[in-house]
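Working through the structure, step by step
The residues making up each chain are set out below.
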Amino acid sequence: MRFDSTNIIGRDKEISNFFSILKTHSIVLSSHRRMGKTMLLKKMTSEYPNEFVPFFIIVEGKSSPEEFFHDLYRQLQEDKLLPDNKNSRIFDWYEKTFAGMEIKDMKLPSFRSHWKDALRKTVEDLLETNKGKNIIIMIDEFPMMLYKFIKDNDLAKEAIEMLDTLREIRQVYGDKGIKFIFCGSIGINIVLDLLRKNHHYAGEPINDMNLEILDAMTPMDAEMLANHLIKTSNIKIDSSSVMNIDELCKEVDFLPFYIDLIIKEIDINQEVVSKENIAKEVEKLISSPGNQGQFNHFSDRINTYYEEDIKLKAKQILNWLSRQDVLKSEEEIRNYLASKNTVQIEDVNLILKKLFDDLYIKREIKDGIRFYEFKYRLLKRWWSINLG
Amino acid sequence: MLIFNSKSENPEHLEEMLIGRKGIVDSLEKSVNQGLINNQNVQHLLIGTRGSGKTHVMHVLFNRFSSSKIITEKAKIGYMIEEEIGIDSLFSLIIRIFEAFIRWSTNKEEKIEWRNKIEILKDLKPYEREDKAKEFLLSYLKEKKLLLLIENINEVFSGMKKPGQARLRDFIQQYEKVNIIATSQVLFSDIQNEDKPFHNFFKITHLDRLSEEETKLLLQTFARTEGPPELESHFLTSQGISQMKSIYFLSGGNHRLIALFYEFLKIDIKSDMADPFLKTLDKLKPYYESFIRYLPPQQQKIIHFLALKHKPQLGSVVAKECFLTPGGTSKQMNELQNKGFVESHKMGRDNKYELAEPMLRFCIELTDNRDGIIGMLARFITILYSDTEIINKYLKLKYLSPINCPDGNLKKNQYEEILIYEKAGGENKNNIQHLETLIQSIENESARGALVKITMMSRDKYLNCPYVSESCPCNLLMNKEENKEKVWKLFISELLKYSLFEEAFSLVNQLYKDHSIEKGENITIPIIFLRGLIMSGLDKELIENYILRLLVLPIDEFSTKLISVFLEYDIRNDKNAIYDLSKEERALLEHIRRTSISYHFPPEMLDLRSEPNGNKKERLYKHLIKKYPSDPYVLNDYANFLSRKEDEKEAEKYYLKAIELNPKEAEFTDDYGLFLLYYKKRIKLAKKFFLKSIDLEPKSLSYWFRYVDFLEDEEGNIKETEKVYKKMTKLFPNSSKVFLHYGIQQFCQGDYVNALESINKAIIINPENDCAYYYRGKIFSSLGNSEDSIKNFSHSIELDADNIPAYFDRSITFFEQNKLKESKDDLLKIISLLTIKSIKDALQNNNEIICVTIFNLLIIGIVTKNLTLINKAEKYFNKVKLSPEVEWNYRIISIMKDTIIDKSKIPSLKTLVRSLKKDYNPNKLMTSFDPLSKYLKTDTSNTIQQLNRDFLIQLLNEIAKF
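This is a predicted model, so every value here is computed, not measured. (Residues numbered from 1 in each chain as written. Chains lettered and ligands numbered in written order. Predicted model: local features only at pLDDT ≥ 70, side-chain atom pairs only at ≥ 80, totals over all residues. Heavy atoms only, no water.)

Take the interface of chain A and chain B next. With 45 residues of chain A at the contact, the number on the chain B side is 29 residues. Together chain A and chain B conceal approximately 3,300 Å² of surface at their shared face, both sides included; 38% is due to carbon and sulfur atoms. Linking chain A with chain B are nine salt bridges. Here B:Arg167 makes a salt bridge to A:Glu67, at a shortest N to O gap of 2.1 Å. Linking chain A with chain B are 17 residue pairs in polar contact (both at pLDDT 80 or more). Of all the secondary-structure elements, those providing two or more residues to the side of chain A that touches chain B are helix 2 (37–46), strand 2 (52–58), helix 3 (65–78), helix 11 (256–268) and helix 13 (296–305) of chain A. Here the side of chain A that touches chain B is built from residues that sort into 10 nonpolar, 15 polar and 20 charged. (Contact = heavy atoms within 4.5 Å. Buried area = accessible area lost by both parts, 1.4 Å probe. Salt bridge = Lys/Arg side-chain N within 4 Å of Asp/Glu carboxyl O. Polar contact = N/O pair within 3.5 Å; in protein donor to acceptor, adjacent residues only side chain to side chain. Helix = DSSP H or I, 4+ residues; strand = E, 2+ residues; numbered from the N terminus. Nonpolar A, V, L, I, M, F, W, Y, C, P; charged D, E, K, R; others polar.)

Take a look at the structure:
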C-alpha cells in the first residue's frame, strides 16, 4: 500500500541510509514511541529507489502466528504483490495440503501447524512476481506482537519459531531479494531477554540484521517539519519567526512529536511563534497535570517491560541523573546506587547498558571511563520535575 | 429522568445551550477541520462525569460536522451515541459503525444498501466476517476518511478487550482512515497502561464542571429559550440570584442536575428552593440507589461514610472508620474514583476524599439523618437560601424588628427563629461574629440601623463578608491600629451606593457629634459623602438639601470650602465660584464631580494621592495596581508618580499602557505630553500629544491652554500663538480667562493697544477677575498713565488682598511718582505676606520681585535716612548666599548706604566705578535703579544732602554707561 507522504517531512538522510543497507542486509529499527518510526516506514513505501519493492504491515494486533500470516497474506494480495491465485505456489501448495478448503479458511485451527510452510511459499511467490527487485517487508510493532504472544497468549514457543523462521527465510531467500525491517517501540532485545531468561532460548535470531536506531531529527529536518506544520496551520508568522522556529526545535531536542504538539497548541490558542510562547508551551508540557506530553511512557515502559530485579535500580539511576548538571561516571553512579541498595558492579553496568540501548541515556567516553547523562534534555526536565 | 434530552434537541437550541463548552467544541471542530484539510488524522478523547454534557458536546459536534461542506467532502461520519453495549470485537464495532450510517443517513438507498451488507455479513463464516466488513467499509470510504464520534469509549474498549483493541489499532494504522472523537466518564486503564494498544493514543480534554458564572448563564439561557418568560426577569432579582447560587452549589456545576432543578423551578418560581430540592432528591434517590446497589460492600461503606461527613476526609481516617486496611481503602477509592463517585485531593502523602456529587450525599442523608429536624432544616436553609439570606434574616430579626418586649427580652418565638438562623449560619458564623460585635458597639441607634442595613444589602454581593476580606470594615475596625476614619468612609460610600442617603447622613452626623473625626486629611468624610451623593445620581435639589445640612455640621474648613464651591458651581450654576479654589483643589473637586458613568476612579486613589511618604505611596500604588490592573486612571496616576520620581522608563511604560487601555481620555494624552516635554525633552512628540488631547476634548479649555502655552514658551512661535488665541476667543467667547491670557500675550509683545482691548473684554465678561485688573494696570503703566495704572492695581488688590504682584507694581509706580511712603507701605505689605524663610529663599534664588522689593526698601530707607527701615531690610541678607548678580546690586546699594551713613568709607567715584565695572555683565542692574535715578533727579526735598545726591546720580549714570 502506498501512503500519502505529503505530511511526512524530513528523514531523507535516514531513509537513504536504510535503503543502502537494505541492498545487502535486513534491519532491526528501534526507538522510543513517538519518534516517527511508522511515519518513516510509510514514507519509504511511497518514495523509494526503483530497485526496491516496499511493503508495510503493522502487526501489533496479531495474536498468533497464523493470524500474522493470514493478515500478511491478505495485505500482500491487497497491495497486488502476489500473482493470481491460480498461478501461485501458495495456491498450489494449499490445494495439495488442504484439499477442499478455501484459502481464506487458513484462520482455522487445522492450519495452525502449517503457517511456516505457507510463509515460505508466499515468499517464493513474491520473488517470482517481483523478479530482480529487492522486496522489503516492513513489519511494524514486530517486537510488541512477539511480546504479546509470550505474555498474553502463552505462545513463547511460537514466538521462537517465528523468529527462527524469519531468520531462515532471510538466509535462504535474502540474497534473492527478500529483506525485512523489524520495527518497534519496545526493543527486540526486551523480547529476546524474556525468551532467554524464562524459556531457555539460546538462539541469535537477528544477528544477521543491522541494528539501527531512529533518533531525534537533524536540525534541518526539524526546522523543515516545523515550517511545514506552521504552513498548514492558521499561525501567523513574521520576520522574527525564523529565529523562533530554530529556538522551538532546540527547546524540544529536535523531537518531531513535540514540535508537532507545541505548534498545535500555539495554533489552538491563537498565539504567535514567539520565544515566550514557546517557553510557555514547553513549560506547560513538562509541568502541567495530565499527560499531554506523553512523557509517562518513558517511565511506564520501565515498569512494564523491565524485569522486576532491575526496575527499581533503573529508575533510581534516572532519578539521580535527572538532578545532575554534569555527566556522571559509571563509578559515581555505582556509588550512588550502592548507597541505596546492595549492588554488584556487573548489575550496574548491565542496567546502564540497557538504559543506553533503550535511549534513555547517552554515553561519553573520556580517558577510557564511561560517563552518562540523559539523552534528551526535555525528558530530563520532565523526569526531574515529576519523578526525580 | 432526563428533561434535557440532547439527542433530540434542535441544532440551534443545542448551540445556544453550549454554556462553558463552546471553547472545547470550537477547538475540536478546528482540529478536525485542519486535520482533514492537511490529510492528518486526529484522535480526541473528552473526559467528563455523568451529566457533564458529553452527549451534548458530541451532538453539537455531529451537527456542525454533518453540515460542514469541507468535512462532508472529505469524510464519512459515524456517530455512535450511547450504544456501547455489546461491542466485543473489531467486527462488532464495524457493524455498529454501519448501523450509525443507517441511523443518521438521509439517503434512503444508502440505508437499504447498508442493511443488505449487514445481511451478507450474517451469512458468512465467523472468521470471514471481519475481513469482509473491513472491505465494505474501505470500499464505501474510497478516498474519504472516517470520522467516528463514539460515546463512552471506555465501555467500548472494555468490551473489545485487548485483542480487539489491538486489531482496531492495526486497522487505524494500516489504512490511515480513522479519526475518533470519543468520550468517557473517567480515564481508564485501556488508555493509561503502556502495554495497551491505545496507550497515549488520544489527545485528552477534561470537561470541567461549570463555574458559578456558567451555571447562572445556563439557567438564564434556559429561561430565555424555554420560558416561562417571567423566569428570565426573576433571575435578575436578588431572590433569583440566590436561587441560582444554591442551584450551583447543589448541582456541583453538573449540566444534567442544573437542568433538573430548572424544571422544578419552572413550576414554582417563587419557591424557596426547599421544594425543588426535595423533589429533586425524590427523583434522584432511586437513580443513585441503583448505582450504589451494584457496588461491592466495602465501597458502599465508604460512600455511606463520606456522605455523612460534610467535608473531605483523609484516606487514613476513612480506612479507620470503615474498618478497612489503608491499602484496601486506596484500592477501593481508586475504583470509586474511576466510577465517578468520589473525588480526591492530594494532601501530602495522603489524599482527602469527598463525594463527587453533593446530591448523592443528600439522598443518603435523607434516610440516615441523625441530627434531628433542626439540624437538617438548618443545613438545608444554609444551602437553599444562600448565606446572604440567612445572615440577613438573622440580622433583621435580631436588630431591626421591634422585638424587644417591655422587659428588654426578645419575644419567645422570634428568639427561636433567631436561634435557627444562628445555627444555619454554621460555618459562616465567624463572619457574622465580628460584625455583631461591631454592630453592638455602636450606641447610636440610627448609625447601628444603618450598619445593619448596609451589611444586609451588601451581603448579597459578597458571600462571606460585605467586603473583600482584607479591607472588610469590620476587620479593620476590630484592628485597633487601623485608622477608623477609613472604615467609616467605606461604610458611608457603601450606604450611598445602596441609596441609603438618610442612613449615611445620620452616620456622618453621628460621627461629628461624637467628635470622633481626626482632621487633616484631604479626603474627609463630608467629601466622601458628597462624592457618594454625586455618584448616586440623586436629584440636584436633594443634593442641595443634604449639602446644606452637611454645612451646618462642625466640619473642617477645607471640606466646607470645597463643598460650598460645589454647591455654588454645580448646583447653583455660578461658574465663577470655581476660582475660589486653588488649582489643586479644583483638580480634586473635578475628581469628586465626575460621575461613575464617565469615571471609574477607585476611591482609594484619592487617599493615596495625599499620602506624603514616598515609599509608602509607592507601596500603595503597587497594591492598587494589583487590585485594578486594568484601570487606566490608576495606571496613569502611577505614571505621574513615577515621573516625579524620575523613573522615566517605568513612567513611560505606564503612561502608554493607560493610553492603550483608554485612548479616548484626554487627561492621559495630556499627562503623557507633559512627561515628554519636561522629562524626555521630546518637544515635537509632546506637541502631538497636546494636539491629540484637544482633538479628544475640544471643549476643554485646559488642553487649549496647554497647547498655546507650549507654543509660546517652548516653541516661541508667536505667529502660531496669536492664531491659536484668536481661535480660542472664538471657541470660548465667554471665557474671561481666554481674553486675559490673550491680552497678556499681546502685552508681552508690546502690543499695548490690542492688549488693552482684550483685557477690557476679560473684565467685561468677569468684572471680578483680579488678574485682569492687574494686567490692565501694567498696560497703563507701560503707556505712561500712572494714575490709571495705580487705580487698576488698587482694584486688583481690592479683589484679592494677597495679590503680591499688584502690590509690587503699584509700589514701583508710587516710587516713580515720588510717593515714597505709599511705595514703602506696599513693599512692607509684600513682606508681611511672606515668611522670613521664604524671603531668604527667594533672595537666594534670584526671585526678581523679592530682590527688588528688598532693594527698594533699602533704597527708600537710604534716601529717607530711615535706619530702622534699612536694618529691617538688611536682616534678610543675613546668612544668605547671594548669586553674583544680586550680590553686585547689593554692593551698589551698600555704597549708597555708606554715602549717607559713613562718608569716610567711600572711595573716589573713579575707583568705585572701575571696581564695579570689573564685575559687571549685562542684565545685572535690577529694575529698581531706573526709578531711583529718576527720583534722585526730580526730588527737590532736602532729605539727602546735595553732595550725596549728585554723587549718587553720577554713580548711577556711570553704571548706566556700562
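A few words now on the sheet that holds strand 8 (residues 369–374) of chain A. Residues and elements named next belong to chain A. Across the sheet, which stays open at both edges, the three strands sit in the order 6-8-7 with antiparallel pairing between neighbours. In this open sheet, the two strands that pair with only one neighbour each are strand 6 (328–329) and strand 7 (361–366). The pairing of strand 7 with strand 8 spans six bridges and is antiparallel. Residue pairing for strand 8: Lys362 is matched across the bridge by Glu373. (Pairing = 2+ DSSP bridges.)

Moving on: the packing of helix 10 (residues 241–251) of chain A against helix 12 (residues 275–287) of chain A. Residues and elements named next belong to chain A. Between helix 10 and helix 12, the least distance of the axes is 9 Å, while the angle of their chain directions is 20 degrees. Classed by the angle they form, the pair helix 10 and helix 12 counts as roughly parallel. Pair helix 10 / helix 12 crosses with right-handed handedness. Side by side, helix 10 and helix 12 meet where Asn244, Glu247, Leu248 and Glu251 of the first sit next to Lys275, Ile278 and Val282 of the second. Each residue belonging to the contact of helix 10 with helix 12 can be placed in one class, and the counts come to three nonpolar, one polar and three charged. (Axes fitted to C-alpha atoms, helices over the stretch in contact; angles between N-to-C directions. Parallel < 35°, antiparallel > 145°, perpendicular 65-115°, else oblique. Left-handed = near helix turned anticlockwise from the far one by under 90°.)

The topology assignment puts A:Ser64 in the loop between strand 2 and helix 3. Look past the residues within four positions of A:Ser64 in its chain and what remains in contact with it is A:Phe149 and A:Leu155.

Bringing helix 28 (residues 540–552) of chain B into the picture now. Residue and element names in this part refer to chain B. Compared with the 18 Å implied by 1.5 Å per residue over 13 residues, the 19 Å span of helix 28 between its first and last C-alpha is a close match. Regarding helix 28, the residues found buried are Ile543, Tyr546, Ile547 and Leu550. When helix 28 is viewed along its axis, its buried side chains cluster within an angular range of 105 degrees and face the same direction. The outward face of helix 28, more than 90 degrees from its buried face, is lined by the exposed residues Glu541 and Val552. Buried residues belonging to helix 28 abut helix 26 (501–513), helix 27 (525–535) and helix 29 (557–571). (Expected span 1.5 Å × (residues − 1). Buried < 20%, exposed > 50% of the residue type's maximum accessible area, 1.4 Å probe, protein only. Arc of directions from axis to C-beta.)

Attention shifts here to the pairing of strand 2 (residues 75–80) of chain B. Residues and elements named next belong to chain B. Burial analysis of strand 2 places six of its six residues in the buried class, which makes it a mostly covered element. A two-sided burial pattern is seen for strand 2, the buried positions comprising Ala75, Ile77 and Tyr79 on one face and Lys76, Gly78 and Met80 on the other. Bridge count between strand 2 and strand 3 (residues 145–150): six bridges; the pairing is parallel. Residue pairing for strand 3: Ile77 is matched across the bridge by Leu147.

Residue and element names in this part refer to chain B. Taken together, the five strands give an open sheet; going across it, the order is 2-3-4-1-5, and neighbouring strands pair in parallel fashion. Sheet topology places strand 2 and strand 5 (203–206) at the edges, where each strand pairs with a single neighbour. Pairwise comparison of adjacent strand axes, ignoring direction, gives a mean angle of 15 degrees for this sheet. Each of strand 2 and strand 3 is contacted by helix 5 (residues 90–104), which is oriented at about 100 degrees to strand 2, the strand it contacts most. Together, strand 1 (43–47), strand 3 and strand 4 (178–184) form the strand contacts of helix 8 (residues 153–175), whose direction differs from that of strand 4 by roughly 160 degrees.

This paragraph deals with the packing of aromatic side chains. In total, this model carries 47 aromatic pairs over all chains according to the counting rule given. Measuring from centroid to centroid gives 4.7 Å for A:Trp320 and A:Tyr336, while their planes differ by 10 degrees, and the two rings are stacked. Here the residue A:Trp320 occupies a position in helix 14 (residues 308–322), and A:Tyr336 occupies one in helix 15 (residues 330–338), the gap between them amounting to 16 residues. Seen from their ring centres, B:Phe62 and B:Trp104 are 4.6 Å apart, and the 55 degrees between their planes marks the pair as tilted. Of this pair, B:Phe62 sits in helix 3 (residues 54–66) while B:Trp104 sits in helix 5, and the two are 42 residues apart along the sequence. Classification of B:Phe62 by relative accessible area gives buried; the value is 8%. Ring pairing ties together the aromatic residues A:Phe257, A:Tyr258, A:Phe295, A:Phe298, A:Tyr360, A:Phe374, A:Trp382 and A:Trp383, which thus form one cluster. If you follow A:Lys354 out to its NZ or CZ, it ends over the ring of A:Tyr306, 4.9 Å from the centre. (Phe/Tyr/Trp six-rings, centres within 6.5 Å; stacked < 30°, edge-to-face > 60°. Lys NZ or Arg CZ within 6 Å of the ring centre and 35° of its normal.)

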